[in-house]
Amino acid sequence: MEQWNNVELTNMSKKSYTLNHAYDAAEKLNKENTAKSSNGNGASADDSSAADDDLLKPGSDVRPKVEPEDVESLLRRLYGITISEVKEIIAYDDRNFFLKEDSNVKNPLIVTHCPHGYVLKILNSLDSKKEDFVDAQNQMLLYLAKHSVKCPRPVANATGKFYSVERLNGNSNVVRLLEFIPGEIFHQVPATKHLLYRSGEYLARLDRALKNFTHQAYETHKTLWMLQSVPELRQFLYVVKDQELRLICDEVIDAFEAKILSQLPTMEHQIIHGDFNEQNIVVEQAPNQTEYTIKGVIDFGDTSKSPLIFEIGIALTYMILQANDLANGGIFLSGYTSLNPIENSERALLKYCVAARLVQSLVMGLYTHTLHPTNEYLLVTQEKGWKLLQKLWRESFGDVDELWATTGHQYLTQSNK
């Protein structure tokens, strides 16, 4: 297993070309793309909007079926890129490939070349049905770049569009190309109190930037990974073989419905990142410094229009897991609320959101692993996750609000952040 910037990669191929390849320019490529793909302008088919409400069903395997030769041919045809290196990045149910252009070959279709490389994203077959949502993600990334948020910029293909839908081994999959952000990934560096605090600050800035972003696709977009979909987890609980753990899952889902989902109409909604976790945060170390800070954020595939408290609860879950300390979640919250305060009434709901996200991640990780047992990335939260869920739900639930408040206050008064 190779590594790139401390992200585990599966080496697929390394090629070098010393001669320029002749391309038939945009006209030929446009004809090919028109025949083989959609126009990348957002969903226009009558059945596309109906697919937006589709959720993953038990027994579904939506992961793209892609061979190494598919990647190279896609890059040639869609972007005019001859590659010197391509490697697969471990992902959940999409297929992502890091690639670098061959410096010996001219790629006239790429107007602005990214010196750090690119990521080719091939979406799973379920999300590929939601072209308007793909367009929404691209528009969001362009919007955030203008608001000084470091995130992957989409690259236009030969037709000038930011995505296309391709037939790959019998399935239709959305294909996109994004600029690669160099740096280290959060989960590969120590989860210090300083980094937890800075993570909270960064997410608050991201949410403030997103507050004024809108796209029609988010008005109807639904996925199983939104916290609003937690009740849907009941149909997947059969994968949890331990009866005690399954009972906790049932209790959490019931409580989340009663305490949180019943209050949805009264909550503040906006578009959120929805998956601010240790795998999606790029960090960097300043010269002559021992601490890390946040450089950027990646993976906007779980963005949604949701209660803002869900954004905080989801991120809080992963910060606690990474710190391996329930109490230190209060430090992350202090960083967030220093820039984006939340009401005490909503703050009291966070523990339900954390418990629900843990159940969501643990159950769906187990389920998807039954489909792809060699993908260990799917089990990344299992060991620590079940322990944290039991501790939170059985031992600390009544006291966790005070624990987070106290820990956050102590950090603010005993350090210079």
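What counts, and at which threshold
- Residues numbered from 1 in each chain as written.
- Predicted model: local features only at pLDDT ≥ 70, side-chain atom pairs only at ≥ 80, totals over all residues.
- Heavy atoms only, no water.
- Helix = DSSP H or I, 4+ residues; strand = E, 2+ residues; numbered from the N terminus.
- Buried < 20%, exposed > 50% of the residue type's maximum accessible area, 1.4 Å probe, protein only.
- Contact = heavy atoms within 4.5 Å.
- Areas by Shrake-Rupley, 256 points an atom, 1.4 Å probe, with all protein chains shown as cover.
- Expected span 1.5 Å × (residues − 1).
- Axes fitted to C-alpha atoms, helices over the stretch in contact; angles between N-to-C directions.
- Left-handed = near helix turned anticlockwise from the far one by under 90°.
- Nonpolar A, V, L, I, M, F, W, Y, C, P; charged D, E, K, R; others polar.
- Polar contact = N/O pair within 3.5 Å; in protein donor to acceptor, adjacent residues only side chain to side chain.
- Core = buried A, V, L, I, M, F, W, Y, C linked by side-chain atoms within 4.5 Å.
- Pairing = 2+ DSSP bridges.
- Phe/Tyr/Trp six-rings, centres within 6.5 Å; stacked < 30°, edge-to-face > 60°.
- Lys NZ or Arg CZ within 6 Å of the ring centre and 35° of its normal.

Undergrad: Looking at this structure, I do not really get the overall build of the chain. What am I missing?
TA: A count of helices and strands for the chain gives 12 helices and 12 strands. Of all 417 residues assigned to the chain, the portion counted as buried reaches 56%. Put simply, of all contacts in the chain between residues at least 6 apart along the chain, 79% involve residues at least 24 apart. Taken as a whole, the chain presents about 18000 Å² of accessible surface, with 48% of it coming from carbon and sulfur.

Undergrad: Where do I start with helix α7 (residues 308-323) in this structure?
TA: Given a rise of 1.5 Å per residue, 16 residues ought to cover 22 Å, and the 23 Å separating the end C-alpha atoms of α7 matches this to within 8%. Counted residue by residue, α7 has 16 buried out of 16 residues, so it is predominantly covered. One or two steps after α7, the chain reaches N324, where phi turns positive at roughly 55°.

Undergrad: Please explain unusual backbone geometry as it appears in this structure.
TA: Across the chain, the bulk of peptide bonds are trans and the bulk of non-glycine residues have phi less than zero. Positive phi values are uncommon outside glycine, yet S148 reaches one of about 60°. In this structure, S148 sits in the loop between α4 (131-146) and β6 (164-168). Its identity is not glycine, yet N324 carries a phi of approximately 55°, on the positive side. Mapping N324 onto the fold places it in the loop between α7 and α8 (329-337). Residue N324 is classed as exposed on the basis of its relative accessible area of 59%.

Undergrad: Whenever I open this one, helix α5 (residues 193-210) confuses me. Can you help?
TA: An α-helical turn contains 3.6 residues, so a residue and the one three or four places further along point in the same direction. A rise of 1.5 Å per residue sets the reference length of α5, with its 18 residues, at 26 Å; its end C-alpha atoms lie 26 Å apart and thus fit the reference within 8%. Of all 18 residues that make up α5, 14 are buried, and the element is covered over most of its length.

Undergrad: Would you explain the packing of helix α10 (residues 350-371) against helix α11 (residues 382-396) in this entry?
TA: Helix packing geometry: the angle between the two helix axes and the distance between the axes. At a minimum axis distance of 10 Å, the contact between α10 and α11 shows a crossing angle of 145°. The hand of the α10/α11 crossing is left-handed. Contact with α10, carried on its side by K351, V354, A355, L358, V359, S361, L362, G365 and L366, involves Q382, G385, W386, L388, L389, L392 and W393 of α11 and no other residues of that element. Across the contact of α10 with α11, the residue classes break down as 11 nonpolar, 4 polar and 1 charged.

Undergrad: Please explain the environment of L371 as it appears in this structure.
TA: With respect to the helices and strands, the residue L371 is situated in helix α10. Looking at L371, the relative accessible area reads 28%, which means it is partly exposed. Along the sequence, L371 and D61 sit 310 residues apart, while their C-alpha atoms lie 6.8 Å from each other.

Undergrad: Mind showing me how you'd approach the environment of D299 here?
TA: Following the sequence through the fold, D299 ends up in the loop between β11 (292-297) and β12 (304-307). What makes D299 partly exposed here is its relative accessible area of 30%. Between the C-alpha atom of D299 and that of Q137, which follows or precedes it by 162 residues, the distance is 9.6 Å. The contact partners of D299, leaving out residues within four places of it in the chain, are H273 and N280. A distance of 3.2 Å separates a polar side-chain atom of D299 from the backbone nitrogen of G301.

Undergrad: Just to check I follow, could you spell out the nonpolar core for this structure?
TA: Side chains of a nonpolar character, in soluble globular proteins, are inclined to be buried together. Ranked by size, the top nonpolar core spans 92 residues in total, and within it L144, F256, F310, L389 and W404 carry the most contacts. In contact with F256, not counting residues within four places along its chain, are L227, V230, L261, F310, Y352, C353 and A356. V71, L78, V155 and L168 belong to the second largest nonpolar core, which has 20 residues in total.

Undergrad: What is the right way to look at the pairing of strand β10 (residues 281-285) in this model?
TA: Within a regular strand, side chains alternate between the sheet's two faces. Pairing geometry for strand β8 (residues 184-185) and β10, over 2 bridges, is antiparallel. Paired with E184 across the strands is V283, a residue of β10. When β10 meets β11, the two strands line up antiparallel, connected through 5 bridges. Residue pairing for β11: Q285 is matched across the bridge by Y292. In this structure, the hairpin formed by β10 and β11 is closed by a connection of 6 residues, where N288 is found at a positive phi of approximately 60°.

Undergrad: Can you walk me through the packing of aromatic side chains in this structure?
TA: Any two aromatic rings considered together are summarised by their centre-to-centre distance and by the angle between their planes. Per the stated rule, a full pass over the model turns up 9 aromatic pairs. Each ring, one from Y202 and one from F276, has its centre 6.5 Å from the other, and the planes form 15°; the classification is stacked. Placement of Y202 in helix α5 and of F276 in the loop between β9 (269-272) and β10 is noted, with a sequence separation of 74 residues between them. No difference in accessibility class separates Y202 from F276, as the two residues are buried. Between F236 and Y367, the ring centres sit 4.9 Å apart and the planes meet at 70°, which makes this aromatic pair edge-to-face. One end of the pair, F236, is in the loop between α5 and α6 (243-259); the other, Y367, is in helix α10, and 131 residues separate them in sequence. According to the relative accessible area criterion, F236 is buried, its value standing at 0%. For Y367, a relative accessible area of 1% puts it in the buried group. Lying over the aromatic face of F397, K351 brings its terminal NZ or CZ to 4.8 Å of the ring centre.

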